[in-house]
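Residue-level listing of the chains:
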Amino acid sequence: MPRQVRSDCTVGNFEKTRGLPPGIIRNSNGRDTRSDKKIGTIRKEHEKK
């Protein structure tokens, strides 16, 4: 099982290091997430729901 991603990692860096195509991580409304958005921010937004 892989380790959890650091919360200060950006979406762009995460996609690049994991070999994912750009734009694969989406917002809740279906639009692409900005590449400079941090993983910790995405986790906080997901907890609110």
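Here we summarise the structure given alongside this text. What you see is a predicted model; the values in this text were computed from it and never measured. Along each chain, the written sequence defines residue order, and numbers are assigned to residues from 1. With the structure being a predicted model, the display of local features is reserved for residues of pLDDT at least 70 and the display and counting of side-chain atom pairs for 80 or more, all residues being used for whole-chain, interface and lining totals. Neither water nor hydrogens contribute to the side-chain values; these are computed over all heavy atoms in the structure.

It is worth spelling out the side chain of T33 at this point. Where helices and strands are cited, they refer to DSSP runs of H or I of at least four residues and of E of at least two residues respectively, numbered from the N terminus. In this structure, T33 sits in the loop between α1 (11-18) and α2 (39-48). Polar contacts, as counted here, are pairs of nitrogen or oxygen atoms within 3.5 Å of one another; within protein the pair requires one atom able to donate a hydrogen and one able to accept it, and residues that are adjacent in sequence qualify only if both atoms are side-chain atoms. A distance of 3.1 Å separates the side chain of T33 from the side chain of N27, its partner in a polar contact.

So, about the side chain of E15. Positionally, E15 belongs in helix α1. For the buried E15, no salt bridge is present, and the opposite-charge side chain at shortest range is R26, 8.1 Å distant. Setting aside its immediate chain neighbours within four residues, E15 contacts L20, P21, P22, G23, I24 and I25. Partly exposed residues are those whose accessible area sits between 20% and 50% of the maximum for their type, while under 20% is buried and over 50% is exposed, using a 1.4 Å probe and protein chains only. His is not counted here, nor are the chain ends, while Lys and Arg score as positive and Asp and Glu score as negative. Any Lys or Arg side-chain nitrogen found within 4 Å of a carboxyl oxygen on Asp or Glu counts as a salt bridge. By definition, residues are in contact when any of their heavy atoms lie within 4.5 Å.

We now examine the nonpolar core. Nonpolar cores are built from buried Ala, Val, Leu, Ile, Met, Phe, Trp, Tyr and Cys residues. Side-chain atoms within 4.5 Å join them into one set. Counting residues in hydrophobic clusters, the biggest one holds 6 residues: V5, C9, V11, F14, I25 and I39. Those residues in contact with C9 that lie beyond four places of it in its chain are F14, K37, K38 and I39.

Turning to α1, its buried residues are V11, F14 and E15. Looking straight down α1, one finds that the buried residues subtend no more than 95° of arc, so they occupy a single side. Residues of α1 that are exposed and angled more than 90 degrees away from the buried face: K16 and T17. For α1, the secondary structure elements touched by its buried residues are α2. A positive phi of about 75° marks G19, the residue just after α1. The arc refers to the directions leading from the helix axis to the C-beta atoms.

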